[in-house]
Amino acid sequence: VVTVPAYFDDAQRQATKDAATLAGLNVLRLLSEPTAAAIAYGLDTAAEGVYAVFDLGGGTFDISILRLSRGVFEVLATNGDATLGGDDFDHRVFCWALEEAGLSPLGPRDVRVLYAKAREAKETLTAHGEAPLTARLSTGEFVDLTLKSETFCRITHTLVQKTLGPTRKVLRDAG
């Protein structure tokens, strides 16, 4: 089973299936990503109804409205932003760390290290109100910061605001 974005048209779906076949995969079915997410979350055994799947992936944001009826999902509407994703949130944390630590321009290795630490801090905030962001750089500098949920919300506010337009549109489209 291969997943594809919900907004893929028939030609894009066929191209994906052809690519998988060329790679030696036996494609049994194409499944839209929001449906796959709903199934992975266990919604296929949930009560019948209408569900919103808010997918802020690494590089893209998608929101889909699904209807579950007799164990079958129907995608009612989908929207999103192909230029907005979790990577943008990571980048905001990275830039915040650069500014807070007063770091001068970094070399490629140190950029990778600090970027990875920024992502790790962001992910830690999922379960905690604050997260350490520490890194030893090749320059000998040591970064020792604490990212708080309030700070994260402040530095990513404009990114979150960018999700509202597609969300309103998909809700309107789905009725």
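Residues numbered from 1 in each chain as written. Predicted model: local features only at pLDDT ≥ 70, side-chain atom pairs only at ≥ 80, totals over all residues. Heavy atoms only, no water.

Details of the pattern of salt bridges
Here comes step 1: Per the stated rule, a full pass over the model turns up six salt bridges.
Here comes step 2: Among the salt bridges present, the one from Glu74 reaches Arg67, with a minimum N-O distance of 3.6 Å.
Here comes step 3: The class of Arg67 is partly exposed, set by a relative accessible area of 35%.
Here comes step 4: Each of Asp87, Asp90, Arg119 and Lys122 takes part in one network of salt bridges that share partners. (Salt bridge = Lys/Arg side-chain N within 4 Å of Asp/Glu carboxyl O. Buried < 20%, exposed > 50% of the residue type's maximum accessible area, 1.4 Å probe, protein only.)

Focus on the packing of aromatic side chains
Here comes step 1: As enumerated under the stated definition, the model contains three aromatic pairs in all.
Here comes step 2: Both rings, one in Phe89 and one in Phe152, keep their centres 6.2 Å apart while their planes meet at 35°; by these two values the pair is tilted. On the criterion of sequence distance, the pair formed by Phe89 in helix α3 (residues 86-101) and Phe152 in helix α5 (residues 149-174) is long-range, its members being 63 residues apart.
Here comes step 3: Ring centres 5.6 Å apart and planes at 50° place the aromatic pair Phe94 and Tyr115 in the tilted group. (Phe/Tyr/Trp six-rings, centres within 6.5 Å; stacked < 30°, edge-to-face > 60°. Helix = DSSP H or I, 4+ residues; strand = E, 2+ residues; numbered from the N terminus.)

Structural notes on the environment of Ile39
Here comes step 1: By the secondary structure assignment, Ile39 is in helix α2 (residues 33-40).
Here comes step 2: Residue class for Ile39 comes out partly exposed when judged on its relative accessible area of 35%.
Here comes step 3: When sequence neighbours within four positions are dropped, the list of residues in contact with Ile39 reads Leu31, Asp44 and Phe73. (Contact = heavy atoms within 4.5 Å.)

Observations regarding helix α1 (residues 10-22)
Here comes step 1: With 13 residues, α1 ought to run about 18 Å at 1.5 Å a step, and its terminal C-alpha atoms sit 18 Å apart, in line with that.
Here comes step 2: Where α1 starts, the residue carrying a side-chain oxygen 3.1 Å from the main-chain nitrogen of Ala11 turns out to be Asp9. (Expected span 1.5 Å × (residues − 1). Polar contact = N/O pair within 3.5 Å; in protein donor to acceptor, adjacent residues only side chain to side chain.)

What about the state of the cysteines?
Here comes step 1: Under the criterion given, the structure shown has zero disulfides.
Here comes step 2: Free of any disulfide, Cys95 has its nearest neighbouring cysteine sulfur in Cys153, separated by 18 Å.
Here comes step 3: Take Cys95: its relative accessible area is 32%, and that puts it in the partly exposed class. (Disulfide = S-S within 2.5 Å.)

Quick notes on the packing of α3 against helix α4 (residues 108-124)
Here comes step 1: With their axes 8 Å apart at the nearest point, α3 and α4 run at an angle of 115° to one another. Classified by the angle their axes make, α3 and α4 are roughly perpendicular. Between α3 and α4 lies a crossing whose hand is right-handed. Each of Gly86, Asp87, Phe89, Asp90, His91, Val93, Phe94, Ala97 and Leu98 in α3 lies in contact with α4, whose residues at this interface are Val111, Leu114, Tyr115, Ala118, Arg119 and Lys122.
Here comes step 2: Of the residues that constitute the contact of α3 with α4, the class distribution is nine nonpolar, two polar and four charged. (Axes fitted to C-alpha atoms, helices over the stretch in contact; angles between N-to-C directions. Parallel < 35°, antiparallel > 145°, perpendicular 65-115°, else oblique. Left-handed = near helix turned anticlockwise from the far one by under 90°. Nonpolar A, V, L, I, M, F, W, Y, C, P; charged D, E, K, R; others polar.)

Here we look at the nonpolar core
Here comes step 1: Judged by nonpolar contacts, the single largest core of 28 residues is most densely connected at Val93, Trp96, Leu114, Leu133, Val143 and Leu147.
Here comes step 2: Looking at this core, the elements that each hand over two or more residues are β4 (61-69), α3, α4, β6 (130-136), β7 (142-148) and α5.
Here comes step 3: With five residues, the top contributor of residues to this core is α3.
Here comes step 4: Ignoring anything within four residues of it in the chain, the contact list for Leu133 reads Val93, Trp96, Ala97, Leu114, Lys117, Ala118, Ala121, Val143, Asp144 and Leu145.
Here comes step 5: Ranked by size, the runner-up nonpolar core spans six residues in total, among them Ala38, Val53, Leu68 and Phe73. (Core = buried A, V, L, I, M, F, W, Y, C linked by side-chain atoms within 4.5 Å.)

With respect to α2
Here comes step 1: The set of residues buried in α2 consists of Pro34, Thr35, Ala36 and Ala38.
Here comes step 2: Summarising the contacts, the buried residues of α2 are in contact with β1 (2-4), β2 (30-32), β3 (49-56), β4 and β5 (72-81).
Here comes step 3: Gly42 sits one or two positions beyond α2 and adopts a positive phi of about 95°.

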